Amino acid sequence: MTPAALIMGALLTPLFGALMVALTGKNPNVREAMTAIATVVTAFFVFSLLPLVLAGQVPALSLGEAIPGFEIAFSIEPLGMLYALVAAALWMPTSAYAVGYMRGHHETHQTRFFVCFALAISAALGIAFARNLFTLFLFYEVLTLSTYPLVTHSQTPEARRAGRIYLGILLTTSVAFLLLAIAWTYSLSGTLEFTRGGILPDDLSRTTLALLLGLFAYGCGKAALMPLHRWLPNAMVAPTPVSALLHAVAVVKAGVFSILKIVVYVFGIERLASSGASEWLMWMASITIVLSSLIAFTKDNLKARLAYSTISQLAYIVLGAALVTSESVLGGGLHIATHAVGKITLFFCAGAILVGAHKKNISDMDGLGLKMPLTFGAFLIAALSIIGLPPLAGSWSKYLLAVGAVKGDHVFFMGVLMVSSLLNIGYLMPIPVRAFFRKSTDHDAHDEHDDHHDHDDHHDHHAPGWLHQYGLSEAPMLCVIPLCLTAIGCIVLFFYADQIVTLLQPIVAGS
């Protein structure tokens, strides 16, 4: 197949999958088979593009001009290739997990859920492959709109409120800031094409560069940079597979990916480094890293704690972009992958705990590790990866970010990263510790305030009976197997991190 055909296949397969899911919705088994086929075929197209990019080629596809001078076009550079690989690869375990979760938790409107999920993946791939700012903006908005029904899935007052905040912040920031930044960029440079080394004129002042960078940074509201982060914790009212999509597969990664790509291909690393225009963004990213970590300590609800952890970890990538050294940009890119695998595992575990043990609050999880060893073992591995402990994937991205801070003579920000890792230990490690080493104070009683489907929790849809013979009460295997696989991924990525860095190396060549 030609490179253009592969790109078209990657973009259209999730759309076709969404259509087939909608048509077969009355038969859950067929519907979920359609989702599974779409995930595998999409991954095939995306992974088929990888050898071309590694060989130095730039696969491209143009769909023509939407309006004169503004083309919908795609080209795959290394950073976009990485984001596409993350989205396509993680869609497969997330879909399997979603089947187990949605059935085990008796969720309604499952067909709509899987349709919107597929649409979101297509939008994420459109962002990854965007050749210019116009195309990126279009798919960025499609991603927001396609994930709104997922956030409001339960249709409770709380979910509707979360949806209003979600749309309000993300649409407002993209229209008020991102669209303005794109228009300003076009007026300054006469082009919106992503170009190595940047497209902005050389004679722009530091103030102009800083203002334009600010519009882009806060226009990409999905990056959840403080103070525009409220939508993310509020969106945790959605089912756990949606949380996994938001935090790992597509949404938040679209925000930080866009910031990183804009820094590299619109501003240029050398221009920002020499002007010092990104220094303010280093401080905002650092404030977000520390404050969100401190807030995480105060959250007893597991998903809420993980949400603030995500805000902190996203700011690592923004900090990597703002430091504008080769190592920091590579570290930021690598962190897109390492954080995705670690955080999706943590959210998978949170959902499995809810389905298998009916617990959502950390204070109620004492002793659960003995009943759910696979789930809490996976949680421990993913938590250690997020913390940055070798031999787990997160250690490499944090190392590169720290080296980048030192190389840029910003030792203070290396200190921020170190303090953040200590805070990660403080809010993540007590969860598996109390699950494995504290005695249960509860005799299988349900949470008084479970998720938004409390009334369904009296149905037992746990692991196969043979596990119960050993006193185990894991969630359904379609929940447990994906979280075990992604936990293994945290280890595997540690040994293959150099290959990701090799893939990304061209984006910093010459800087």
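Above this note sits the structure.
Residues numbered from 1 in each chain as written. Predicted model: local features only at pLDDT ≥ 70, side-chain atom pairs only at ≥ 80, totals over all residues. Heavy atoms only, no water.

Quick notes on the overall build of the chain
Keep this limit in mind: Helical segments are the DSSP runs of H or I of at least four residues, strand segments are the runs of E of at least two, and each set is numbered from the N terminus. Values of the radius of gyration come from C-alpha atoms, whereas the globule rule sets the reference at 2.2 Å times the count of residues to the power 0.38. Every residue pair with non-hydrogen atoms within 4.5 Å of one another is taken to be in contact. The Shrake-Rupley method, run with a 1.4 Å probe, gives the accessible areas here. Residue values count only the displayed protein chains as cover. Charge counting follows a simple rule: Lys and Arg are positive, Asp and Glu are negative, and His as well as the terminal groups are ignored. Think of each charge as sitting on NZ of Lys, CZ of Arg, CG of Asp or CD of Glu.
Along the backbone of the chain there are 21 helices and 2 strands. For a compact globule of 511 residues, the expected C-alpha radius of gyration is about 24 Å, and the chain comes in at 22 Å, within 12% of that figure. Projecting the C-alpha coordinates of the chain onto the three principal axes gives extents of approximately 70 × 50 × 45 Å. The long-range share in the chain, meaning contacts at least 24 apart out of those at least 6 apart in sequence, stands at 80%. By element, 67% of the accessible surface of the chain is carried by carbon and sulfur atoms, the whole surface being about 18000 Å². The distance from the centre of the 27 positive side-chain charges to the centre of the 29 negative ones in the chain is 2 Å.

Concerning the packing of helix α5 (residues 133-151) against helix α6 (residues 157-189)
Cut-off, in case you're wondering: To get an axis, fit a line to the C-alpha atoms, keeping to the stretch in contact for a helix; angles then go from 0 to 180 degrees between the N-to-C directions. Should an angle fall under 35 degrees it is taken as roughly parallel, and over 145 as roughly antiparallel, whereas 65 to 115 is taken as roughly perpendicular and any remaining angle as oblique. Charged residues are taken to be Asp, Glu, Lys and Arg, nonpolar residues to be Ala, Val, Leu, Ile, Met, Phe, Trp, Tyr, Cys and Pro, and polar residues to be all remaining types, Gly included.
Between α5 and α6, whose axes approach to 10 Å, the crossing angle comes to 175 degrees. The angle between α5 and α6 falls in the class roughly antiparallel. For the contact of α5 with α6, the class distribution of residues is 15 nonpolar, 5 polar and 2 charged.

Focus: the state of the cysteines
Counted only if it meets this: Pairs of cysteine sulfur atoms within 2.5 Å are identified as disulfides in what follows. Using a 1.4 Å probe on the protein chains alone, a residue whose accessible area is under 20% of its type maximum counts as buried, one over 50% counts as exposed, and one in between counts as partly exposed.
Considering all chains together, one arrives at 0 disulfides under this definition. No disulfide involves cysteine 479; its sulfur sits 11 Å from that of cysteine 349, the nearest cysteine. Accessibility expressed as a relative area gives 0% for cysteine 479, which makes it buried. We note that cysteine 484 lacks a disulfide partner, and the nearest cysteine sulfur, in cysteine 349, lies 8.0 Å from it.

What to know about the packing of aromatic side chains
The following threshold applies: Stacked, tilted and edge-to-face pairs are distinguished by plane angle, under 30 degrees for stacked and over 60 for edge-to-face with tilted covering the rest, among Phe, Tyr and Trp rings (Trp via its six-membered ring) whose centres lie within 6.5 Å.
Under the defined criterion, the tally for this structure stands at 20 aromatic pairs. On the basis of an interplanar angle of 80 degrees and a centroid distance of 6.1 Å, the ring pair of tryptophan 396 and tyrosine 399 is categorised as edge-to-face. Here tryptophan 396 and its partner tyrosine 399 are both found in helix α17 (residues 394-407), 3 residues apart, which amounts to about one turn of the helix. Residue class for tyrosine 399 comes out partly exposed when judged on its relative accessible area of 48%. Each member of the aromatic cluster is reached from another via a ring pair, and the members are Trp396, Tyr399, Phe494 and Phe495.

Comments concerning the side chain of arginine 305
Quick note on the threshold: For this analysis, a salt bridge means a side-chain nitrogen from Lys or Arg found within 4 Å of a carboxyl oxygen belonging to Asp or Glu. Under this definition, polar contacts are N or O atom pairs within 3.5 Å; protein pairs additionally need one hydrogen-donor-capable and one acceptor-capable atom, and for neighbouring residues in sequence, both atoms have to be side-chain atoms.
Its place among the elements puts arginine 305 in helix α13 (residues 302-323). Aspartate 300 provides the closest opposite charge to the buried, salt-bridge-free arginine 305, at an N-O distance of 5.4 Å. Here alanine 296 takes part through its backbone oxygen, which lies 3.2 Å from a polar atom of the side chain of arginine 305. Among residues more than four places away in sequence, those in contact with arginine 305 are Ala296, Phe297, Lys299, Ile362, Tyr427 and Ile431.

Concerning the pattern of salt bridges
Under the counting rule described, the total for this entry stands at 9 salt bridges. The closest approach of N and O atoms between glutamate 71 and arginine 131, which form a salt bridge, is 2.7 Å. A residue pair is termed long-range when its members are at least 10 positions apart, and glutamate 71 in strand β2 (residues 70-75) and arginine 131 in the loop between α4 (110-129) and α5 qualify at 60 residues. Judged by relative accessible area, glutamate 71 falls into the partly exposed class, the value being 21%. Note that lysine 407 and glutamate 327 form a salt bridge whose closest N and O atoms lie 3.1 Å from each other. Here the residue lysine 407 occupies a position in helix α17, and glutamate 327 occupies one in helix α14 (residues 326-357), the gap between them amounting to 80 residues. In this structure, a network of salt bridges that share partners links the residues Glu71, Arg131 and Glu193.

Regarding helix α10 (residues 251-267)
How we decide: Here a helix's expected span is defined as the number of its residues, less one, multiplied by 1.5 Å.
Between its first and last C-alpha atoms α10 spans 23 Å; for 17 residues at 1.5 Å apiece the expected length is 24 Å, and the two agree. Extensive coverage of α10 is indicated by the burial of 17 of its 17 residues. Trailing α10 by a residue or two, glycine 268 shows a phi angle of about 90 degrees, which is positive.

Here we look at the environment of methionine 81
Along the chain, the position of methionine 81 falls in helix α3 (residues 78-104). C-alpha of methionine 81 to C-alpha of phenylalanine 129: the two residues are 48 residues apart in sequence and 7.4 Å apart in space. When sequence neighbours within four positions are dropped, the list of residues in contact with methionine 81 reads Val46, Leu49, Leu50, Val53, Ile76 and Leu503.

Focus: helix α16 (residues 373-387)
Compared with an ideal rise of 1.5 Å per residue, which puts 15 residues at 21 Å, α16 spans 21 Å between its outermost C-alpha atoms and is within 8% of the ideal. Glycine 388 sits one or two residues past α16 and shows a positive phi near 105 degrees.

What to know about a nonpolar patch on the surface
To keep things clear, this is the line we draw: A residue counts toward a patch only above 30% relative accessible area and without a salt bridge, and it is joined to like-charged neighbours within 9 Å or, for Val, Leu, Ile, Met, Phe, Trp and Tyr, to nonpolar neighbours within 5 Å.
Where nonpolar side chains cluster on the molecular surface, the patch consists of Ile481, Leu485, Ile488, Ile491, Val492, Phe495 and Tyr496 and spans about 670 Å² of accessible area. Structurally, the position occupied by phenylalanine 495 is in helix α21 (residues 477-504). Judged by relative accessible area, which is 54%, phenylalanine 495 ranks as exposed.

That's the geometry; what it means functionally is another story.
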